[in-house]
Amino acid sequence: MGKRVLLIEDEPNIIEAIRYILSRDGFAVDTHSDGSTALQAIAAKAPDMVILDVMLPNKSGFEILRELRSDAATEGLPVLMLTARGQKKDREMAERFGASQFMTKPFSNSEMLESVRTLLGS
Amino acid sequence: MPKRGLTGSRIRDRRISQGMRQVALAREAGISAAYLNLIEHNRRRIGGKLLLEISRVLEVEPSQLSEGAEVALLEKLRHAALAQSGVTVDAGRAEELAGRFPDWAHLLADQQQRLEGLERTVEALTDRLTHDPQLAASMHEVISVVTAIRSTSAILVDGGDIDVEWQARFHRNLYEDSQRLAESSQALVAFLDGTGDGETEVGLTLPQEEVEKWLQGCGYVVDALEAGGAVADVLRGAGELTGAATTESFARNYLERYRHDAGLMPLDDVIRAIGEHGISPLELAQVFECAVPVVLRRIAIALAHQGQAVGIVACDSSGTLSFRKPLDGFPLPRFGAACPLWPLFQALSRPAVPIRSVVEQSGHIARRFQTFAIAAPITVPVFDVAPVYEATMLILPDDVVDLAEDVIATPIGFSCRICPRAGCKARREPSILTDGF
């Protein structure tokens, strides 16, 4: 069975596209849209990595990331941050909060696939 | 006769040059022809709101009527000379320039005015681009939709074997996203589209801004409420305030407070008291037995009624500006945080302590202002519950209060993002003017 990726993103058509390209490459993809229950979803699904959007309803991706890193169970979980803002300060903030990698929207599918393969050591 | 005494003559000259009858001007200005005749023959003084009204009808600046065109032009030329940092200009020779080359002098003055208008527009747009929550949300929507379109179309183009059902699904997604993108783009353009003429702010949308625009239109004086009228009647006659529920709610709250203040401190009494005591908020508070924030608001209304430059700003306990009446040389940000050195915010740290402070704004010309500020509770006292405070700051330019040259002024700015002051300990973020975008 392929590695499991949890995509936390609230834009339906982005979810569909990412799910398609990752599952076609052999990854199992779960999705979740609500920032306020993202941590519970991560605990329940126990993914091998998380793709995490910054701008989520009810709770920001940075807050979720900070809580993941402060929990021993998830401090080493690979996290790819997605954001619409590509400025240096946003990249620095993602690093500061502990993102494994940072990607700006819009991204290329090959770039997304490459990042996931790299982070999962595939 | 002093120059001011010739105001009536200038009005008459201007009216005649425009081919306007005395009766017509009087009617447009809201006075009788007989009274206008007395004014034009310099038998009645004129100032304040009436001068502004006549200036508006005659399409001329008030100073050109009260002081003569020459004085207004010389003032603009001196202002232009002082505004150019890094260039040494002998401002004292402005009169010579105006006398020998009047057309060039007018051109220079007009271009300086336009330049300042454009600078204000840039400040407003920068402020909006950085902090406007609606703009941020719109941009996020556009980028999200573009991301979906890019990924989906790449799947269809790159794709290899794609199940027919998936193809149909992706095509439908592209169609829906392209429609959303069209709508989002149109909304974004409409949002950013505004007058942008440098004289007014760009693209007003928030309820607070709608109310402030309406107040600007009536000179910040609501005559109906000064006369004891009902808030409902004012709202009924102001369609632009009742289009959206949030705007109407904001307007109603403002007008109810205005009415309450007017009842405590009638406008004519305030004007008379200022004449007797000067612009002294604490003295006026004793005279009218009113709270200082009410006094500050009524002073602003009284001065506005008389056509004098005055600014007033209020903020809540978080420092968010809740009301703005800016004045020339002291802009007030629409979004984001203002300069933390403003006495308005100092007042929040010392509730109920009135603060009097002379400040100096950053910019090409360092203008000084007298400010009075105070933070007062707006909630009813409840045991063991911290009150909610609102701070109010009255802003008076140095030509209204006649500040002495040797008064030490606190240097302040508009907002950190566009403030050029170096070494400010209160700086919150880099300035685009010194550090770039």
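Thresholds applied
Residues numbered from 1 in each chain as written. Chains lettered and ligands numbered in written order. Predicted model: local features only at pLDDT ≥ 70, side-chain atom pairs only at ≥ 80, totals over all residues. Heavy atoms only, no water. Helix = DSSP H or I, 4+ residues; strand = E, 2+ residues; numbered from the N terminus. Buried < 20%, exposed > 50% of the residue type's maximum accessible area, 1.4 Å probe, protein only. Contact = heavy atoms within 4.5 Å. Areas by Shrake-Rupley, 256 points an atom, 1.4 Å probe, with all protein chains shown as cover. Pairing = 2+ DSSP bridges. Axes fitted to C-alpha atoms, helices over the stretch in contact; angles between N-to-C directions. Disulfide = S-S within 2.5 Å. Core = buried A, V, L, I, M, F, W, Y, C linked by side-chain atoms within 4.5 Å. Phe/Tyr/Trp six-rings, centres within 6.5 Å; stacked < 30°, edge-to-face > 60°. Lys NZ or Arg CZ within 6 Å of the ring centre and 35° of its normal.

**Topic: the overall build of chain A**
Along the backbone of chain A there are 5 helices and 5 strands. Helices (α) and strands (β) of chain A occur, in sequence order from the N terminus, as β-α-β-α-β-α-β-α-β-α. Taken across its 122 residues, chain A has 52% of its residues classed as buried. A fraction of 61% describes how many contacts in chain A between residues 6 or more apart in sequence connect residues 24 or more apart. Accessible area for chain A stands at about 5,500 Å²; split by element, carbon and sulfur atoms hold 47% of it.

**Considerations on the overall build of chain B**
On a plain count of helices and strands, chain B comes out with 20 helices and 6 strands. The burial tally for chain B puts 40% of its 437 residues in the buried class. Contacts spanning at least 24 positions in sequence make up 61% of the contacts within chain B whose residues lie at least 6 apart. When the accessible area of chain B is evaluated, it comes to approximately 23,300 Å², of which 54% is carbon and sulfur surface.

**Considering the sheet that holds strand β3 (residues 355–361) of chain B**
Residues and elements named next belong to chain B. Strand order in the open sheet made by the 6 strands is β2-β1-β5-β4-β3-β6, with mixed pairing throughout. Edge positions in the sheet fall to β2 (321–325) and β6 (410–412), since each has one partner strand and no second. Across the sheet, the mean angle separating the axes of adjacent strands is 30° when strand polarity is ignored. Pairing geometry for strand β1 (residues 311–316) and β2, over 4 bridges, is antiparallel. Paired with Ala314 across the bridge in β2 is Phe323.

**Overview of the state of the cysteines**
Note on terminology: a disulfide is the covalent bond linking the sulfur atoms of two cysteines. Inspection of every chain in the model, using the stated rule, returns 0 disulfides over all chains. Counting only cysteine sulfurs, Cys424 of chain B is the nearest neighbor of Cys339 of chain B, a cysteine outside any disulfide, at a range of 6.1 Å.

**Topic: the nonpolar core**
In terms of nonpolar packing, the biggest core is built from 45 residues, with Trp214, Leu215, Val222, Leu255, Tyr258, Ile299 and Leu394 of chain B touching the most fellow members. If one sorts the elements of this core by residue count, helix α17 (residues 292–305) of chain B sits on top with 10 residues. With residues near it in sequence (within four places) discarded, Leu394 of chain B still touches Leu296, Ile299, Ala300, Val310, Gly311, Ile312, Gln370, Thr371 and Phe372 of chain B. In terms of nonpolar packing, the next biggest core, distinct from the first, is built from 26 residues, Ile14, Tyr20 and Leu82 of chain A together with Phe170 of chain B among them.

**Describing the packing of aromatic side chains**
Applying the stated criterion to the full structure yields 9 aromatic pairs over all chains. Plain terms: the ring middles of Tyr20 of chain A and Phe170 of chain B are 5.1 Å apart, the flat faces sit at 90° to each other, and that makes the pair edge-to-face. Within this pair, whereas Tyr20 of chain A is found in helix α1 (residues 12–24), its partner Phe170 of chain B is found in helix α10 (residues 164–192), the two belonging to separate chains. Here Tyr20 of chain A and Phe170 of chain B have matching classes, each one buried. When the ring centre of Trp166 of chain B is taken as origin, the NZ or CZ atom of Arg169 of chain B, which lies over that ring, is 4.5 Å away. Residue placement shows Arg298 of chain B over the ring face of Tyr258 of chain B; its charged tip is 5.6 Å from the ring centre.

**Looking at the sheet that holds strand β3 (residues 49–53) of chain A**
All names here are of chain A. Overall, parallel pairing links the 5 strands, which are arranged β2-β1-β3-β4-β5 in an open sheet. Looking at which strands have only one partner, the edges of the open sheet turn out to be β2 (28–32) and β5 (101–104). With strand direction ignored, the average angle separating the axes of adjacent strands in the sheet is 20°. As defined by bridge partners, strand β4 (residues 79–83) adjoins β5 across 4 bridges and the pair is classed as parallel. Pairing of Leu80 across the sheet is with Gln101, part of β5. On the sheet, helix α3 (residues 61–69) packs against β3 and β4 and is oriented at approximately 165° with respect to β4.

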